[in-house]
Amino acid sequence: MEYAESFAADRFPLDDLSKDIIGHLQEDGRRSYASIGKAVGLSEAAVRQRVQKLLDSKVIQIVAVTDPLQLGFPRHAMIGVRCSGDMVETADEIARLSAVDYCVVTAGKFDVLAEVVCENDHALLNIIHKIRAIKNVRETETFMYLSLRKQIYNWGTP
């Protein structure tokens, strides 16, 4: 199966009740199944089963979202990459780098965008060098973040 085909294949069907449960977990991932059940009109066991199906199907993850600044990672940047060969292969190699927290194949000026979080400018320079050394990387352009104005994680729920 081609990459593009596998990306959308076998999507997990979400009804309004599942979206409502996801919305409650997005507000507070530690919220009890009993309180979610009361809010959506299901038993605790029914909510637990639905959440487990959402986790198993990889529709959701329940994780702690950290503040990189508080953990000593003040340098954030998006690196645009132009490739001379297979973009997906190149993106996969970039994604394996530990400083990369987000990596996508794109259409437009850049073939790949990679977001990085680093301790300092020296670490950012090192990751840029590592990316430029990857086969098929033709050119990079780095966009350093100066001020984060919005970051959300509540896609697809009311």
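For the structure, see preceding data.
Residues numbered from 1 in each chain as written. Predicted model: local features only at pLDDT ≥ 70, side-chain atom pairs only at ≥ 80, totals over all residues. Heavy atoms only, no water.

### Side note on the overall build of the protein chain
Scanning the protein chain from terminus to terminus reveals 6 helices and 4 strands. Scanning the protein chain from its N terminus toward the C terminus, one meets helices and strands in the order α-α-α-α-β-α-β-β-α-β. The globule rule puts the C-alpha radius of gyration for 158 residues at 15 Å, and the 19 Å found for the protein chain is more than 25% above it. Partitioning the contacts of the protein chain with sequence separation of at least 6, the portion at a separation of at least 24 is 64%. Counting only carbon and sulfur atoms, one obtains 52% of the accessible surface of the protein chain, whose full area is about 11000 Å². (Helix = DSSP H or I, 4+ residues; strand = E, 2+ residues; numbered from the N terminus. Rg over C-alpha atoms; globule rule 2.2 N^0.38 Å. Contact = heavy atoms within 4.5 Å. Areas by Shrake-Rupley, 256 points an atom, 1.4 Å probe, with all protein chains shown as cover.)

### Digging into the environment of Met-144
Assignment of secondary structure puts Met-144 in strand 4 (residues 137-144). A sequence separation of 67 residues divides Met-144 from Ala-77, and the C-alpha atoms of the two residues are 4.2 Å apart. When sequence neighbours within four positions are dropped, the list of residues in contact with Met-144 reads Arg-75, His-76, Ala-77 and Leu-124.

### Some remarks on the sheet that holds strand 4
Backbone-to-backbone hydrogen bonds pair the strands of a sheet. The strands run either parallel or antiparallel. With antiparallel pairing, 4 strands are arranged side by side in an open sheet as 2-3-1-4. Looking along the sheet, the strands with just one partner apiece sit at the ends: strand 2 (100-105) and strand 4. Neighbour to neighbour, the strand axes of the sheet diverge by 20° on average, direction disregarded. Strand direction decides the pairing type here: strand 2 and strand 3 (residues 112-118), joined by 5 bridges, are antiparallel. Within strand 3, the position partnered with Tyr-102 by the bridge is Glu-115. (Pairing = 2+ DSSP bridges. Axes fitted to C-alpha atoms, helices over the stretch in contact; angles between N-to-C directions.)

### Thoughts on the side chain of Arg-75
One can find Arg-75 in strand 1 (residues 75-83). A polar contact is formed between the side chain of Arg-75 and the side chain of Asp-121, at a distance of 2.7 Å. Excluding anything up to four places from it in sequence, Arg-75 contacts Val-116, Val-117, Cys-118, Asn-120, Asp-121, Leu-124, Met-144 and Tyr-145. (Polar contact = N/O pair within 3.5 Å; in protein donor to acceptor, adjacent residues only side chain to side chain.)

### Concerning the packing of helix 2 (residues 16-27) against helix 4 (residues 44-56)
Contact geometry for helix 2 and helix 4: axes closest at 11 Å, N-to-C directions at 85°. One way to sum up the angle between helix 2 and helix 4 is to call them roughly perpendicular. When helix 2 is examined against helix 4, the residues Leu-17, Ser-18, Ile-21, Ile-22 and Leu-25 are found in contact with a partner set consisting of Val-47, Arg-50, Val-51 and Leu-54. Residue composition of the contact of helix 2 with helix 4, grouped by class: 7 nonpolar, 1 polar and 1 charged. (Parallel < 35°, antiparallel > 145°, perpendicular 65-115°, else oblique. Nonpolar A, V, L, I, M, F, W, Y, C, P; charged D, E, K, R; others polar.)

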